[in-house]
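# Coordinate inspection notes
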Amino acid sequence: MSEISREPKQRIIQEYVPGKQISLAHLIASPDKSIYLKLGLDEEASGALGVLTITPSEGVIVASDIATKAASVEIGFLDRFGGSLLLLGDVGGVDAALQAVLDYFGNTLHYSVVEMTRT
């Protein structure tokens, strides 16, 4: 028979505490029309998509303001609970908007930011 341990049990509690970060900043130049349709967007919407993922998720509200003031882009989708932001516009506009968001969040808000990627 096994002996019952007299030592008190230790309990470990793990919590996920998101940091201030932009974990994805991606520009899709000339996306296939099916992408627009799957996202529920007008297939003639624009020539480029910009995708951002931000934590805490409320940061997408600030990012959308910065992006729309920095360049001629539209908001295709904003999820203030999940932290996703989708921007629409021409390649130059989306590029400028994404870069403005990364610069502001990195330099002013002191977020950890990734480099923008492109496809």
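The coordinates are above.
Residues numbered from 1 in each chain as written. Predicted model: local features only at pLDDT ≥ 70, side-chain atom pairs only at ≥ 80, totals over all residues. Heavy atoms only, no water.

Right, let's talk about the packing of aromatic side chains for a bit. Evaluation of the coordinates by the stated rule reveals two aromatic pairs. Ring centres of Phe-105 and Tyr-111 lie 4.8 Å apart, and the angle between their planes is 90°; on these two criteria the pair is classed as edge-to-face. The class of Tyr-111 is buried, set by a relative accessible area of 14%. Here the aromatic cluster, defined as three or more aromatic residues joined through ring pairs, consists of Tyr-104, Phe-105 and Tyr-111. (Phe/Tyr/Trp six-rings, centres within 6.5 Å; stacked < 30°, edge-to-face > 60°. Buried < 20%, exposed > 50% of the residue type's maximum accessible area, 1.4 Å probe, protein only.)

Below, the discussion takes up the packing of helix α2 (residues 59–70) against helix α3 (residues 91–108). For the pair α2 and α3, the least separation of the axes is 8 Å and the interaxial angle reads 130°. Here α2 is positioned oblique relative to α3, judged by the angle of their axes. The interaxial crossing formed by α2 with α3 has right-handed handedness. Residue-level contacts link Gly-59, Val-62, Ala-63, Ile-66, Ala-67 and Ala-70 of α2 to Ala-96, Ala-97, Ala-100, Val-101, Tyr-104 and Phe-105 of α3. Of the residues assigned to the contact of α2 with α3, the class counts are eleven nonpolar, one polar and no charged. (Axes fitted to C-alpha atoms, helices over the stretch in contact; angles between N-to-C directions. Helix = DSSP H or I, 4+ residues; strand = E, 2+ residues; numbered from the N terminus. Parallel < 35°, antiparallel > 145°, perpendicular 65-115°, else oblique. Left-handed = near helix turned anticlockwise from the far one by under 90°. Contact = heavy atoms within 4.5 Å. Nonpolar A, V, L, I, M, F, W, Y, C, P; charged D, E, K, R; others polar.)

Attention now goes to the nonpolar core. Ile-22, Leu-52, Ile-54, Val-101 and Phe-105 are the most contacted members of the largest nonpolar core, which totals 22 residues. Of all elements in the fold, only β1 (21–29), β2 (48–55), α2, β4 (84–89) and α3 reach the threshold of two or more residues within this core. With six residues, the single largest contributor to this core is α3. Sequence-distant contacts of Ile-54, defined by excluding residues within four places in its chain, comprise Gln-21, Ile-22, Gly-59, Val-60, Ala-63, Gly-83, Phe-105 and Tyr-111. The next biggest cluster of nonpolar side chains, apart from the first, holds six residues, and it includes Ile-28, Tyr-36, Leu-49 and Leu-88. (Core = buried A, V, L, I, M, F, W, Y, C linked by side-chain atoms within 4.5 Å.)

Between the first and last C-alpha of α2 there are 16 Å, a value that for twelve residues agrees with the 16 Å anticipated at 1.5 Å per step. Elements in contact with the buried residues of α2: β2, β3 (73–79), β4 and α3. (Expected span 1.5 Å × (residues − 1).)

With that out of the way, let us pick up the pairing of β1. Sheet topology places β1 next to β2; eight bridges connect them, and they run antiparallel. Each bridged residue has a counterpart across the sheet, and for Ile-28 the counterpart in β2 is Leu-49. Of the pairings in the sheet, the one linking β1 to strand β5 (residues 112–113) comprises two bridges and is parallel in character. Residue pairing in the sheet places Gln-21 in a bridge with Ser-112 of β5. One ladder, built from two bridges, connects β1 with strand β6 (residues 117–118); its direction is parallel. Following the sheet pairing, Leu-27 is matched in β6 by Arg-118. (Pairing = 2+ DSSP bridges.)

A few words now on the environment of Val-73. Looking at the element boundaries, Val-73 is found in strand β3. For Val-73, a relative accessible area of 10% translates into the label buried. Not counting residues up to four positions away in its chain, the partners in contact with Val-73 are Ala-67, Thr-68, Leu-87, Leu-88, Gly-93, Val-94 and Ala-97.

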